[in-house]
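Working through the structure, step by step
Listed below, chain by chain, are the residues.
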Amino acid sequence: MSAAFLVAVFLANLPEAIAATTALSRAGRNGTRIVRFWVLVALGFGATSLAGYVVLDTASPRSVAFVLAFAGGAVLTMLANTMMPEALHYGGRLAGFMTTLGFALAFAISSLQ
C-alpha cells in the first residue's frame, strides 16, 4: 500500500466525515452516539478492506486494474455529483484550482515511491 493512497484516503474522507458529523449533531444525535457510529464505520471499512486484500491477493493484474478503475470512477462520480457543486458554492472560483492542486499533490506523492 502506497503512502499516496493512505494520504488520499484520509484527506478525501475528512471533509465528508466533518460534514456528516455536523449533520448528525444538528439532527440531535449526542456525541457518544456519533463517535460510536464512526467507530463502527471505521471497523466495517477496515474489515471490508482486509477482505478485499485477501480476495485480490492472488487476482490477476487485469482483475486488479478493473477493480481500481471502478473505484476511481466511483470517486470521480462522488466528486462531480456531491462535492464539487458544494465546493464551488461555498469556496468560489478557487475550488477548481484547489482540486487540481490536490490531484497534482497526490500524483507527486505517488511519484516519490
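Residues numbered from 1 in each chain as written. Predicted model: local features only at pLDDT ≥ 70, side-chain atom pairs only at ≥ 80, totals over all residues. Heavy atoms only, no water.

1. Things to note about the packing of helix α1 (residues 3-26) against helix α2 (residues 31-56)
For the pair α1 and α2, interaxial distance at closest approach is 10 Å and the crossing angle is 145°. As α1 packs across α2, the resulting crossing turns out to be right-handed. Residues Ala17, Ala20, Thr21, Leu24 and Ser25 of α1 touch α2, and the partners they reach there are Ile34, Phe37 and Trp38. Looking at the contact of α1 with α2 residue by residue, the class counts come to six nonpolar, two polar and no charged. (Axes fitted to C-alpha atoms, helices over the stretch in contact; angles between N-to-C directions. Helix = DSSP H or I, 4+ residues; strand = E, 2+ residues; numbered from the N terminus. Left-handed = near helix turned anticlockwise from the far one by under 90°. Contact = heavy atoms within 4.5 Å. Nonpolar A, V, L, I, M, F, W, Y, C, P; charged D, E, K, R; others polar.)

2. Remarks on helix α3 (residues 61-91)
For α3, with 31 residues, the first-to-last C-alpha span of 39 Å runs short of the 45 Å given by 1.5 Å per residue. The sharpest bend along α3 measures roughly 45° and falls at Met83, with the proline Pro85 sitting one to four residues further on. Once α3 finishes, Gly92 follows within two positions and takes phi at roughly 75°, a positive value. (Expected span 1.5 Å × (residues − 1). Bend = angle between axes of the 7 residues up to and from the residue.)

3. Some points on the packing of aromatic side chains
The geometry of an aromatic ring pair is captured by two quantities: the separation of the ring centres and the angle between the planes. Applying the stated criterion across every chain yields a total of one aromatic pair. The interplanar angle of 65° and the centroid separation of 4.9 Å between the aromatic rings of Phe37 and Trp38 together place this pair among those described as edge-to-face. Classification of Phe37 by relative accessible area gives partly exposed; the value is 40%. The class for Trp38 is partly exposed, based on a relative accessible area of 27%. (Phe/Tyr/Trp six-rings, centres within 6.5 Å; stacked < 30°, edge-to-face > 60°. Buried < 20%, exposed > 50% of the residue type's maximum accessible area, 1.4 Å probe, protein only.)

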